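# Descriptive analysis of the structure
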Amino acid sequence: MSDNPQKTNSSLRPELFDFHGISMTHYFTDNWEKIQNFQARPDDILIATYPRSGTTWVSHILDLLHFGQTFPERQTSIPIYDRVPFLELAFPLLDLGVDLAEKLPTSPRLIKSHLPIQFVPKSFLEQNCKIVYVARNAKDNVVSYFHFERMNVGDPEPGDWNSFLHRFMEGKMVFGSWYDHVNGFWKKKQTYPNLHYMFYEDMLKDTELEIDKLCSFLGLSPSEEERKLLRSELKFDQMKKNDMVNYSLLPPMDVKVSPFMRKGKVGDWKNHFTVAQNDEFDKDYKKKMMDPKLQFCTEA
Ligand code: PPS
């Protein structure tokens, strides 16, 4: 290890490369065979998202719904990334995501992944596992991703905002194209009924309604007491100050550069996109998002 922490940190930043047609970094491909051979159990629940879509929020919801009453100490003593392991993560000094997932003592096991649908380990589908997919509108998603790469040395250098935005439009991001990711799971939903497709914007607009839909998908009926706990625990300000979910304890992330829980809003893209960038983005978006049924909300 270098004795200069800044140098050590920046030297961890990986390069993007093409991996079977998807831009990836080696932190998510190093352990590929083990990831692909992961043995899912029928009651495993996969939380699948493109990065920065509300993964942590939904992970916290699922953890509280399943274990909030039975293991209340879990939420105050175990960080979310250990409660809900990130399957494909292979980052130095951290436990392998796949090992953490295999060792999870809970039933069900809650597992996070950013892999596009074609990379999801086959056993999840063969075992007919429940998949909860969360999607976020592209404009807020790219803004959130930009600030995340600034603070996370586990990702490539983001460069300046304009070049980052263009890379996003080209799909040259870690985990590939947002457009392909959200469309890939959307298409899968048509043939795989155990996939619940949610939108970040709906969660913000009416969290309780989205939890109701989630519960009916999962076959859960939380008591009024559980609902009360959810209402207070899931608020943005509460999650932002909760060290067990705000990633302030995870080494590759520097929440002083940009907090993991940054703004938690719909429409923050307006503070980043110029008029010209917005026009170009909209034109390109129309060409890529051809399914009229898959609509996103970009206004609060
Ligand atoms: S990651 O790194 O991919 O796991 O990030 P992810 O958890 O998917 O997404 C992070 C963004 O989700 C926002 N977030 C919330 N918004 C509203 N309410 C609640 N409770 C909440 N929890 C997380 C978080 O603030 C990130 O979005 P931005 O726009 O950057 O604030």
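Our subject in this report is the structure included herewith. Predicted model only: the values in this text are computed from it and were never measured.

### Details of the pairing of strand S4 (residues 110-113)
Side chains Leu110 and Lys112 of S4 all project onto a buried face; the interleaved residues Ile111 and Ser113 project onto the opposite face, where all are buried too. Relative to S4, strand S3 (residues 45-49) runs parallel, the two sharing four bridges. What sits directly across from alanine 48, in S4, is serine 113.

### Digging into the site of the ligand
In the vicinity of the ligand, 23 residues are found, and the nearest of them are Thr55, Thr56, Ser144, Tyr200 and Lys263. With respect to the ligand, the side chain of arginine 136 contributes an N or O atom lying 2.9 Å from an oxygen atom. A distance of 2.6 Å separates an oxygen atom of the ligand from a polar atom in the side chain of serine 144. Relative to its unbound accessible area of 650 Å², the ligand is 99% covered by the protein chains. Examining the composition of the shell around the ligand, we find that three residues originate from one element, helix H3 (residues 55-67), more than from any other.

### What about helix H8 (residues 138-151)?
Structural remark: α-helix, 3.6 residues per turn; residues separated by three or four positions point the same way. Between the first and last C-alpha of H8 there are 20 Å, a value that for 14 residues agrees with the 20 Å anticipated at 1.5 Å per step. By the N-cap criterion, in which a side-chain oxygen at the helix start approaches the backbone nitrogen of a residue two or three places on, H8 is capped by asparagine 137, the distance to lysine 139 being 3.1 Å.

### Some words on unusual backbone geometry
Cis geometry is adopted by the peptide bond preceding proline 108, which originates at serine 107 and carries an omega value of 5°. Mapped onto the fold, proline 108 is located in the loop between helix H6 (97-103) and S4. Of note, arginine 52 is a non-glycine position whose phi angle comes to about 75°, a positive value. Tracing the backbone through its elements, the reader meets arginine 52 in the loop between S3 and H3. For arginine 52, a relative accessible area of 11% corresponds to the buried category.

Quick notes on the rules
- Residues numbered from 1 in each chain as written.
- Predicted model: local features only at pLDDT ≥ 70, side-chain atom pairs only at ≥ 80, totals over all residues.
- Heavy atoms only, no water.
- Buried < 20%, exposed > 50% of the residue type's maximum accessible area, 1.4 Å probe, protein only.
- Helix = DSSP H or I, 4+ residues; strand = E, 2+ residues; numbered from the N terminus.
- Pairing = 2+ DSSP bridges.
- Near = heavy atom within 4 Å.
- Polar contact = N/O pair within 3.5 Å; in protein donor to acceptor, adjacent residues only side chain to side chain.
- Areas by Shrake-Rupley, 256 points an atom, 1.4 Å probe, with all protein chains shown as cover.
- Expected span 1.5 Å × (residues − 1).

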